[in-house]
Each structure stands twice: as C-alpha cells, then as structure tokens.
Amino acid sequence: METFALRQRVLRPSLTVRDVETPRDRDVDTAHVIARLVTGEVVGTGTVIREESPWGEAGWRLRWMAVAPDHRRRGVGARLLAALVEHVGAGGGGTLWCVARLSAVPFYERAGFTIRGEPGDDRDTGPTVVMWCEQVADR
Ligand SMILES: CC(C)(COP(=O)(O)OP(=O)(O)OC[C@H]1O[C@@H](n2cnc3c(N)ncnc32)[C@H](O)[C@@H]1OP(=O)(O)O)[C@@H](O)C(=O)NCCC(=O)NCCS
C-alpha cells in the first residue's frame, strides 16, 4: 500500500517497507489517509487505530503521520489529521493520543493536543512525548 512506502521513507528509513506494516493496520476500525498530488505522487500519510490510551481510557491512537520533506508547512499534515479526526468522530469519539517526536510537538499542539507525562526515549525515533486531545462523537 502506498501509505507504507511513505511511512517507511519518512519515519523509518533504516527499515524496509514490509517492516513498517503492522497487523493493526488491517483492523476494521483503522483508517489510513494519504495526500496525493495531481501527478499521482503520494506526499502525505497518516493512520488512526482504535487503541486505549497509555492511562487506560478507551480511545484512538494516531500513528505514522508523515509528509514528504518538500511538501511540509503547506497544510498537508493538518488536512490529513482533520480527516483522521473525522473518522474518530464517526467511530464514537474518545481520547485521541499519540507518541510524538519532540520535533513534531508544535504540529500537534497547533491541532489542539496537550502533552501528558514525561518524555520518553524510543530506540528508533529518539525523544518522544505522549500527547492527547478529546474528540467528540458525531451525532
Ligand atoms: C509533523 C508533520 C507531519 C507536519 O506536517 P506538515 O504538512 O508540515 O504540517 P502543516 O503544514 O499542516 O502544519 C500545520 C501547523 O502545525 C505547526 N507546525 C507544523 N510543523 C511545524 C514545525 N516544524 N515547527 C513549528 N510548527 C510547526 C504550524 O503551526 C503549522 O501551521 P503554519 O504552517 O500555518 O504555521 C511533518 O513535519 C513531518 O512529516 N515530519 C517528519 C515526520 C514526523 O516527525 N512525523 C510525526 C511523528 S510523531
């Protein structure tokens, strides 16, 4: 799937495309979004999975947000996230959370996320922090 190729290239360049695909990517509640240029090139991707928060609330985990370097700061990431938030709302809402790289914290803050807890250190990604926001259910 195209989402995995960009995911691998931007977020896990030391792994193979096959390595970055997880079993939960195929869950019935999981949503993937991509941003595509008119040329067909995929320049952005993101995923949301139904998964309880690290502190035990029912919710959704935002994962694998990635925009190709030449296309950042043009609103692509924000639009991808908005589409994933719509999916969460349609799925009943709840806590939307992610493990954010420190470099991505301003992006998530701008989208309404708040840091919770102390920073951690992921072997693959470097320093991270858990962020969250509450999403209401669609009526
Ligand atoms: C994080 C990422 C997905 C953001 O995508 P993007 O398309 O560049 O984000 P947008 O253009 O939609 O940004 C929306 C707002 O977030 C904030 N923002 C985004 N990137 C930012 C940065 N590097 N520094 C400060 N603020 C930032 C800004 O407020 C921005 O609005 P503005 O451009 O009008 O000021 C992208 O930078 C990326 O792929 N980074 C590398 C991979 C990564 O770290 N992914 C997250 C893993 S947790």
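Attention here is on the structure that accompanies the text. Nothing here was measured: the structure is a model prediction, and the numbers come from that model.

Taken in spatial order, the six strands make up an open sheet running 1-2-3-4-6-5, and their pairing is mixed. Each of the sheet's edge strands pairs with one partner strand only, and the pair in question is strand 1 (31-36) and strand 5 (114-122). Here the average twist between neighbouring strands, direction ignored, is 20 degrees. In this structure, strand 2 (residues 42-50) lies alongside strand 3 (residues 59-67), joined through six bridges in antiparallel fashion. Bridge pairing in strand 3 places R50 opposite W60. Here helix 1 (residues 2-11) sits on the sheet and contacts strand 1, strand 2, strand 3 and strand 4 (94-101); the angle it forms with strand 2, its principal contact strand, is near 100 degrees. The sheet contacts of helix 2 (residues 76-90) involve strand 1, strand 2, strand 3, strand 4 and strand 6 (126-135), and relative to strand 3 the element is tilted by about 160 degrees.

Further remarks concern the nonpolar core. As a rule of thumb, nonpolar side chains are buried together in soluble globular proteins. Ranked by size, the top nonpolar core spans 32 residues in total, and within it L62, L96, Y108, F113 and M131 carry the most contacts. Elements represented by at least two residues in this core include exactly helix 1, strand 1, strand 2, strand 3, helix 2, strand 4, helix 3 (105-110) and strand 6. Counting residues per element, this core draws most heavily on strand 3, at six residues. Apart from residues lying up to four places away in sequence, L96 is in contact with V48, W60, L62, V85, V88, F113, M131, W132, C133 and Q135.

Criteria and thresholds
Residues numbered from 1 in each chain as written. Predicted model: local features only at pLDDT ≥ 70, side-chain atom pairs only at ≥ 80, totals over all residues. Heavy atoms only, no water. Pairing = 2+ DSSP bridges. Helix = DSSP H or I, 4+ residues; strand = E, 2+ residues; numbered from the N terminus. Axes fitted to C-alpha atoms, helices over the stretch in contact; angles between N-to-C directions. Contact = heavy atoms within 4.5 Å. Core = buried A, V, L, I, M, F, W, Y, C linked by side-chain atoms within 4.5 Å. Buried < 20%, exposed > 50% of the residue type's maximum accessible area, 1.4 Å probe, protein only.

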